[in-house]
Amino acid sequence: MDIAVRLSALGDIIHTAVILQFLPQKIDWLVEENMREILEYNPHISNIQTINLKSLKKSKLNVFSEYKKLKSLNYYDRAIDFQGLIKSAITSKIIAKEVIGRKEIREKLAQIFYTKTLKTNSHTIDRYRLMINQIYNLNISKEEFINHKPFLYFEDKHFTQKKYFSNTKKNIVFIIGSTAKNRLYPTKKWIELARSLNQNILIPYGNEVEEKITFEIAENADVTILDKMSLNELKATISNADLIIGNDTGPTYIGWANNIPTILLYGTTPISRIYENKTTKVIKSKTAKYLDKLDKNDFSIRDIEIKEILKGIDELFN
């Protein structure tokens, strides 16, 4: 029995989960407890196993508890470490007889826990295609990956935000947050964009920083602030929208995953972070220092003009 190991973060889990529809068999998945819902209801996953590594910082008892939990899972034949970090490699080693990982990873020490190391490339999505091709003797083409089927699932009951959706205007979701400040599109430009679109703009938020930005936009433009949501509710909300416009952050990639028209705003974000297709378009800052490298000092996302986004929207729908 095989288990995929991708513990976090939201966007990275989504990037990896595209493989599931191409596998010749069901697979289990190990993920951080707070990310479990992003994988729920997937017909290609047999069991979602969880771990709570964040709790390890709080108590030595938690370390013992989580280790004991992992040891109880050590019946897997193979663990595929899609994450490529020391923590994911060690976790994989505890639960499986064989651990498969990639050669091209940032934390090279992780490789000492691998029983087999695969050569792929640095493209965020394509590396997973190359991994499963080698592991399962497949021949999945890049074109098949690019034109994937929707792969994040939910139930009708999770569409709790339906009350905010319009029947007369386009329902456009702004994803305004990000874990990195240099991946945040300026608040003033979100306001300008909302005014330019003149549609039903919906904005979710997940923390205090995002809440502050969201309410500032709402004070200056006609937008709707959505209720706090679970990941299942967020999947349902984004998957029922007409258009997603967002920064390089996990929720934006829900749109890409489920083939909802999506505009991705990239400043420092490498263009190899995602594959464009008929429903996804990247607006990359023209002043970005690098095309395929992250630079923490690159705030060029601020230079993306509203007219570039509007042009991108037109290209998606025409």
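This text goes with the structure placed above it.
J.: Please clarify how the overall build of the chain should be interpreted in this entry.
T.: Counting its regular elements, the chain contains 10 helices and 12 strands. Over its C-alpha atoms the chain spans a radius of gyration of 20 Å, differing by no more than 12% from the 20 Å that the globule rule assigns to 318 residues. Once the C-alpha set of the chain is aligned to its principal axes, its extents read approximately 55 × 35 × 35 Å. Burial analysis of the chain (318 residues in total) assigns 56% to the buried set. Within the chain, counting contacts between residues at least 6 apart in sequence, those at least 24 apart form 57% of the total. When the accessible area of the chain is evaluated, it comes to approximately 15,200 Å², of which 49% is carbon and sulfur surface. Looking at charge distribution, the chain has the averaged site of its 48 positive side-chain charges lying 5 Å from that of its 38 negative ones.

J.: What exactly am I supposed to notice about the packing of helix α1 (residues 10-17) against helix α9 (residues 250-257) here?
T.: Between two packed helices, the angle of one axis relative to the other and the distance separating the axes together describe the packing. α9 packs onto α1 with a crossing angle of 20° between their chain directions and a minimal axis gap of 8 Å. The angle between α1 and α9 falls in the class roughly parallel. Considering the relative orientation of α1 and α9, their crossing is left-handed. Facing Leu10, Gly11, Ile14 and His15 of α1, the residues of α9 in contact are Gly250, Pro251, Tyr253, Ile254, Trp256 and Ala257. Partitioning the contact of α1 with α9 into residue classes produces 7 nonpolar, 3 polar and no charged.

J.: I'm lost on unusual backbone geometry in this one. Help?
T.: Leave glycine aside and you will find that most residues have negative phi; peptide bonds, for their part, are mostly trans. Note the cis peptide between Ser8 and Ala9, where omega equals -10°. Of note, Ala9 is situated in the loop between β1 (2-5) and α1. Unlike most non-glycine residues, Asn198 shows phi in positive territory, near 55°. Along the chain, Asn198 falls in the loop between α6 (187-197) and β8 (200-203). Unusually for a residue other than glycine, Asn259 sits at a positive phi of about 60°. Looking at the secondary structure, you find Asn259 in the loop between α9 and β11 (262-266). With relative accessibility at 23%, the residue Asn259 sits in the partly exposed group.

J.: When you look at the pairing of strand β7 (residues 171-175) in this model, what are you seeing that I'm missing?
T.: Side-chain direction in a regular strand flips from residue to residue, so the side chains alternate between the two faces of the sheet. A large share of β7 lies buried, amounting to 5 of its 5 residues. Judged by which residues are buried, β7 turns out to be covered on both faces: Asn171, Val173 and Ile175 on one side and Ile172 and Phe174 on the other are all buried. Remark: the β7/α6/β8 crossover connection has right-handed handedness. Bridge count between β7 and strand β10 (residues 243-246): 4 bridges; the pairing is parallel. Its bridge partner lying in β10, Ile172 is registered against Leu243.

J.: Just checking my understanding: could you explain the packing of helix α8 (residues 231-239) against α9 for this structure?
T.: For the pair α8 and α9, the least separation of the axes is 9 Å and the interaxial angle reads 55°. One element, α8, and the other, α9, form an angle in the oblique class. Considering how the two elements wind past one another, α8 and α9 form a crossing that is right-handed. For the pair formed by α8 and α9, the contact residues are Leu234, Lys235, Ile238 and Ser239 on the first element and Pro251, Ile254 and Gly255 on the second. Looking at the contact of α8 with α9 residue by residue, the classes come out as 4 nonpolar, 2 polar and 1 charged.

Calculation notes
- Residues numbered from 1 in each chain as written.
- Predicted model: local features only at pLDDT ≥ 70, side-chain atom pairs only at ≥ 80, totals over all residues.
- Heavy atoms only, no water.
- Helix = DSSP H or I, 4+ residues; strand = E, 2+ residues; numbered from the N terminus.
- Rg over C-alpha atoms; globule rule 2.2 N^0.38 Å.
- Buried < 20%, exposed > 50% of the residue type's maximum accessible area, 1.4 Å probe, protein only.
- Contact = heavy atoms within 4.5 Å.
- Areas by Shrake-Rupley, 256 points an atom, 1.4 Å probe, with all protein chains shown as cover.
- Lys, Arg positive; Asp, Glu negative; His and termini not counted.
- Charge placed at Lys NZ, Arg CZ, Asp CG, Glu CD.
- Axes fitted to C-alpha atoms, helices over the stretch in contact; angles between N-to-C directions.
- Parallel < 35°, antiparallel > 145°, perpendicular 65-115°, else oblique.
- Left-handed = near helix turned anticlockwise from the far one by under 90°.
- Nonpolar A, V, L, I, M, F, W, Y, C, P; charged D, E, K, R; others polar.
- Right-handed = clockwise from strand over helix to strand, strands pointing away.
- Pairing = 2+ DSSP bridges.

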